[in-house]
Amino acid sequence: PQPNPPADPGSIHLIGKRYTPEGEINAIVQSLKKWLPAHPNRTVAILTPSNERGARFAHALEAAGLPHLELLRTTDHTRRTAGALATILRALAEPHNARRLGAAYKAFRRNWRQEKDRQPLLRQTRKLLDNCPALENYLAPLPGQDWLDTLPEEMAAEVRQELRDFRQVVRRWQQATLLPIDQLTLTLAQELFTEAADLALAHKLALLLGQIRRDHPDYRLPELANELTLIARNERSFSGFSSDNAGFDPEQYRGVVVVATAHKAKGLEWDRVYLTSVNSYDYPSLEEGETYRAENWFIRDELNLQAEALAQLERLLRPHEHWAPWQEGEASRQARLDFVRERLRLLYVGITRARRDLIITTNSGRNDKNPALIALPLRQLIQWWQEHGGRS
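Residues numbered from 1 in each chain as written. Predicted model: local features only at pLDDT ≥ 70, side-chain atom pairs only at ≥ 80, totals over all residues. Heavy atoms only, no water.

## Digging into empty space enclosed by the protein
For the structure on display, the rule yields one cavity of 30 Å³ or more. For the largest cavity, the full set of lining residues is Ala91, Leu92, Pro95, Leu101, Ala104, Leu135, Leu139, Val170, Trp173 and Gln174. For the lining of the largest cavity, the elements supplying multiple residues, two or more each, are α3 (76-93), α4 (98-108) and α7 (157-176). With three residues, the top contributor of residues to the lining of the largest cavity is α7. Broken down by class, the residue content of the lining of the largest cavity amounts to nine nonpolar, one polar and no charged. (1 Å grid on protein atoms, 1.4 Å probe; cavity = no way out; pocket = protein on both sides within 12 Å on 5 of 7 lines; lining within 4 Å. Points joined across faces, edges and corners; volume = space filled by probe spheres on them. Helix = DSSP H or I, 4+ residues; strand = E, 2+ residues; numbered from the N terminus. Nonpolar A, V, L, I, M, F, W, Y, C, P; charged D, E, K, R; others polar.)

Structure representation (structure tokens):
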């Protein structure tokens, strides 16, 4: 085993400023912009409490042009591919919905986002589709009722042609809805993607949807589209073709920002670690006024409804056991205790992933009516650190 590097208190930064969620992301991205060029041979990671939060960091790193790798449920590439297919499936499931069709057009022309000269045509066409009063008069008009004929005469010829071309594409998609879902997905992929990696990923997604359809014969297009949406939102695991944490070696990614959840970071180490979102929502304690994922602020007494229901069901299913009388709130308290213990252990895991530099940040969460506090463990660490001469 490699020995620990020399202790350097100046490499530990416990930041007590409570950022907004976006402010925290921006601060860390700006920090990395300065740090990465000066340390191309060091390893670095951003650790988040959830996959959804990790996806936001990955998106910000992509926008900033910083090299990064995701150790999340899905990668950004997988989410974009699944999202494009889900958008079109939703449009096919609701053929009367103009906004769905507008979103499908945007997914169809997804490669135009990098071409500035195409942006005016893309925006104008999308706007027209979003506001089409009757899609049947656009996609399958009766004689004399073609919606395109009602557009202003001064409308640019290229916009009219773009609408005609897209109409033919949508007609092909609608005809393909008679196919099984896996074949339909592959048909759409041929229209959407040209890169081999995208097509291969679409093939895996098609196989997944085919299996889901066999497991759930009652599922139709809306439900199947929702399955892809869950992947696109990082709410469901899908391996794609990326590396996972089995056998992952951070040393192979020097100069690349690894975005991972604190759970997936177990057993791994980096030279520099940003431990993020250390607030009372993601790392709660037993203090009054705190809430976390299972305790919604809008529920009476902030009860954990799942824990309360399970406690009552246990007593009903095993009536002969000597249970203490059920009391409302006791199951919520026990569930919170269990969660607090687990998150405290997870916080320790995150802290010990850093070999040289550790930066801990927090944010106020997404609920403006009940903003998250700085997590109690972080407040105690900051106080102890300041008392012992450390910098925060």
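## Focus: the environment of alanine 60
Structurally, alanine 60 is set in helix α2 (residues 51-64). Of the residues examined, alanine 60 reaches a relative accessible area of 17% and is grouped as buried. Through-space distance from the C-alpha of alanine 60 to that of valine 29 is 7.3 Å; in sequence the pair is 31 residues apart. For alanine 60, the contacting residues outside a window of four places in its chain are Ile25 and Val29. (Buried < 20%, exposed > 50% of the residue type's maximum accessible area, 1.4 Å probe, protein only. Contact = heavy atoms within 4.5 Å.)

## Quick word on the sheet that holds strand β2 (residues 44-48)
One open sheet accounts for six strands, arranged β1-β6-β5-β2-β4-β3; its pairing is parallel. In this open sheet, the two edge strands, each paired with only one partner strand, are β1 (12-19) and β3 (68-71). Adjacent strand axes in the sheet meet at a mean angle of 20°, parallel and antiparallel pairs treated alike. Examined bridge by bridge, β3 and strand β4 (residues 257-261) share four bridges and lie parallel to one another. If you follow histidine 68 over to β4, its bridge partner there is valine 257. Taken strand by strand, helix α1 (residues 21-38) contacts β1, β2, β4, β5 (270-275) and β6 (354-363), and its axis lies near 155° from that of β6. (Pairing = 2+ DSSP bridges. Axes fitted to C-alpha atoms, helices over the stretch in contact; angles between N-to-C directions.)

## So, the packing of helix α9 (residues 196-215) against helix α10 (residues 221-232)
Relative orientation of the contacting elements α9 and α10 amounts to 130°, with a least axis distance of 10 Å. In terms of axis orientation, α9 runs oblique to α10. Once α9 is placed against α10, the crossing between them reads as right-handed. Together, Leu205, Leu208, Leu209, Ile212 and Arg213 of α9 and Leu224, Glu227, Leu228 and Ile231 of α10 make up the contact between the two elements. (Parallel < 35°, antiparallel > 145°, perpendicular 65-115°, else oblique. Left-handed = near helix turned anticlockwise from the far one by under 90°.)

## Some points on the side chain of threonine 185
Among the structural elements, threonine 185 can be located in helix α8 (residues 181-192). Setting aside residues no more than four positions away along its own chain, threonine 185 makes contact with Leu85, Ala202, Ala206 and Leu209.

## Examining a nonpolar patch on the surface
A cluster of nonpolar side chains, namely Leu310, Leu313, Leu316 and Leu317, defines an oily patch on the protein surface of about 450 Å² accessible area. Residue class for leucine 310 comes out partly exposed when judged on its relative accessible area of 47%. (Patch = residues over 30% accessible without salt bridge, like charges linked within 9 Å, V, L, I, M, F, W, Y side chains within 5 Å. Areas by Shrake-Rupley, 256 points an atom, 1.4 Å probe, with all protein chains shown as cover. Salt bridge = Lys/Arg side-chain N within 4 Å of Asp/Glu carboxyl O.)

## Focus: the confidence of the model for the protein
In this model, the protein carries a mean pLDDT of 88, and residues with pLDDT of at least 70 account for 92%. Below pLDDT 50 for its whole length, residues 241-246 participates in eleven contacts with residues either more than four positions away or in separate chains. (pLDDT = per-residue confidence, 0-100.)

## Some remarks on the nonpolar core
Counting 51 residues, the largest nonpolar core has Leu89, Tyr138, Leu163, Phe166 and Trp173 as its most contacted members. When residues in this core are grouped by element, the largest group, eight residues, is from α3. Here phenylalanine 166 is in contact with Leu101, Ala104, Tyr105, Phe108, Leu129, Tyr138 and Trp173, once residues within four sequence places are set aside. Formed by 26 residues, the second largest nonpolar core is a distinct cluster that contains Ala45, Ala262, Leu275 and Val278. (Core = buried A, V, L, I, M, F, W, Y, C linked by side-chain atoms within 4.5 Å.)

## Overview of α8
Compared with the 16 Å implied by 1.5 Å per residue over twelve residues, the 16 Å span of α8 between its first and last C-alpha is a close match. Taken together, the buried positions of α8 are occupied by Ile181, Leu184, Thr185, Leu188, Ala189 and Leu192. Taken around the axis of α8, the buried residues stretch over an arc of 140°, which confines them to a single face. (Expected span 1.5 Å × (residues − 1). Arc of directions from axis to C-beta.)

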